[in-house]
Every structure is written in C-alpha cells, then in structure tokens.
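# Secondary and tertiary structure notes
So the chains spell out like this:
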Amino acid sequence: NAGVTQTPKFRILKIGQSMTLQCTQDMNHNYMYWYRQDPGMGLKLIYYSVGAGITDKGEVPNGYNVSRSTTEDFPLRLELAAPSQTSVYFCASSDLRDSNEKLFFGSGTQLSVL
Amino acid sequence: AQRVTQPEKLLSVFKGAPVELKCNYSYSGSPELFWYVQYSRQRLQLLLRHISRESIKGFTADLNKGETSFHLKKPFAQEEDSAMYYCALTGTYKYIFGTGTRLKVLA
C-alpha cells in the first residue's frame with residue numbers, strides 16, 4: 001500500500017514550457033486535491049476532484065489544468081510555465097466515507113520556473 | 001468567507017516551556033477542525049482533529065465555537081516538536097488551510 005505517489009520530486013522548467021505533475025493513490029479514495037505551498041503563504045488549493053470525471057477549481061486555478069479519468073490518477077498540467085508557478089506542489093487524497101476524514105499527502109514536487 | 005488564520009509565522013520556545021499555536025477560523029456552519037504537521041523532510045500528516053478529542057504526542061486542541069478558535073497546546077515542548085504546523089478546516093469536502101506556524105524548540 002504505497003498511499004499517494006507523486007512524480008517527479010524535482011523539476012526545473014524554462015518559462016513557457018509545459019509539464020504534467022503526476023499523482024496516483026492506491027487507497028480507492030474518491031477525493032483528490034492539488035495544493036501549492038509557498039513560503040509564508042501556507043497551502044493553497046489549486047484544483048480538487050470528488051470522483052472520476054468530476055473536477056473543480058480551488059483558490060488558485062489560473063495557469064493549471066487537471067483531469068480525473070480514473071479514481072487512482074489526478075494529474076496536474078502546467079501549459080505555459082511562469083516564474084510565479086515556482087512552488088512546492090502537493091497532491092492529497094481523502095475518503096469522506098471514512099469517519100477519520102484525514103488527508104493523505106504525497107511527498108511533494110519542487111518546481112522551479114526560470 | 002471561509003478562512004483559517006494563524007497569526008504567528010514563527011514561534012520559538014525553549015525546551016520544557018509551554019506551547020500554544022493559535023488558530024482562528026471563519027465559517028458559516030459547523031466545520032471540522034484539524035491540525036496537520038510537517039516535520040523536516042517528511043510528508044504533511046494529520047496531528048489531531050477536534051472531533052476525536054484526543055491527545056497526540058502531548059498536544060491537545062479545544063474547539064471554542066464562541067471565539068471561533070482551535071488553538072494547539074502542549075504543556076512541555078520537546079526538541080522533536082520543531083516543525084511546521086497547519087490549522088485546517090473542512091465543512092464539505094474542501095480543506096482550507098491556514099498559512100502555517102513554524103515552531104522552533106530551542107535546547
């Protein structure tokens with residue numbers, strides 16, 4: 001049981017490049033989330049999904065896209081990377097049918113856009 | 001508006017001293033409140049949630065609905081408590097996090 005797996009762990013992009021951050025979970029959770037963590041700003045919700053085929057915007061969705069074709073996978077797409085997207089990205093999942101309702105986090109992706 | 005406020009970015013205490021990390025929230029309804037912790041080079045993980053009313057690693061947090069607060073407390077800080085602490089709430093299926101407080105416990 002690997003939990004939430006994110007790849008890559010580190011990436012450097014040039015301005016204007018695109019990339020996909022991968023996230024997969026093996027806990028059969030319906031709810032998945034993408035956060036970015038900036039120093040002094042805490043965790044900001046980018047996008048979330050309540051199940052396969054359903055996604056919605058969070059607090060800071062501009063410049064990102066997501067898809068949820070399966071329960072397990074929730075990739076985050078950056079189409080035209082900008083320096084403002086330099087951050088640490090965390091994927092998380094939860095199962096609100098479980099009374100614990102806690103979030104399970106991935107190990108994070110450190111992204112630098114230069 | 002849904003909001004979680006952690007007023008302190010950094011809190012430094014000496015080992016053995018009491019610790020209180022402040023958290024206030026704004027939510028129209030009955031949210032669930034949580035504390036998450038991120039130790040150095042580790043994943044964010046749940047520390048405790050108000051509904052459990054439990055003590056984890058000596059930490060407790062009481063939900064005060066009148067003051068809309070959920071402060072995290074520990075009577076005697078340990079060096080291994082040094083970490084980033086996030087207060088969070090969820091009312092439906094979206095978590096809202098505060099900006100975090102870095103706790104440094106000095107020897």
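In this report, the structure presented in the accompanying data block is examined. Note on numbering: residues in each chain are counted from 1, in written sequence order. In the order they appear in the text, chains get letters beginning with A and ligands get numbers beginning with 1. Only residues with pLDDT of 70 or above have their local features reported here, since the model is predicted, and side-chain atom pairs are shown and tallied only from 80 upward, although totals for entire chains, interfaces and linings are computed over all residues. The side-chain numbers reported here are obtained from all heavy atoms of the structure, hydrogens and water having been left aside.

### With respect to unusual backbone geometry
Following A:T7, the chain continues to A:P8 via a peptide bond in cis, the omega torsion being -5 degrees. The way it works is that DSSP assigns letters per residue, a run of H or I at least four long becomes a helix, a run of E at least two long becomes a strand, and they are numbered from the N terminus. Along the chain, the position of A:P8 falls in the loop between β1 (4–7) and β2 (10–13). The phi dihedral of B:R41 is positive, around 60 degrees, even though this residue is not glycine. Inspection of the secondary structure puts B:R41 in the loop between β5 (32–38) and β6 (45–49). Here the phi dihedral of B:K57 falls at roughly 55 degrees; this positive angle occurs in a residue that is not glycine. Mapped onto the elements, B:K57 comes out in the loop between β6 and β7 (60–61).

### Focus on the interface of chain A and chain B
Contacts are assigned to residue pairs with any non-hydrogen atoms lying within 4.5 Å of each other. If you look at the interface, chain A gives 22 residues, while chain B gives 18 residues. When the buried area of chain A at its contact with chain B is split by residue, A:L43, A:E101 and A:F105 rank highest and sum to 26% of it. In protein, a polar contact requires one atom able to donate a hydrogen and another able to accept it; more generally it is a pair of N or O atoms within 3.5 Å, and residues adjacent in sequence count only if both atoms are side-chain atoms. For the pair chain A and chain B, the number of links is six residue pairs in polar contact (both at pLDDT 80 or more). Secondary-structure elements contributing two or more residues to the side of chain A that touches chain B are β4 (31–38) and β5 (42–51) of chain A. Here the side of chain A that touches chain B takes five residues from β5(A), the largest share from any one element. Any residue outside Ala, Val, Leu, Ile, Met, Phe, Trp, Tyr, Cys, Pro, Asp, Glu, Lys and Arg is labelled polar, Gly included; the first ten of those are nonpolar and the last four are charged. Here the side of chain A that touches chain B is built from residues that sort into 13 nonpolar, seven polar and two charged. Two parts placed together each lose some accessible area; with a 1.4 Å probe, that loss summed over both constitutes the buried area.

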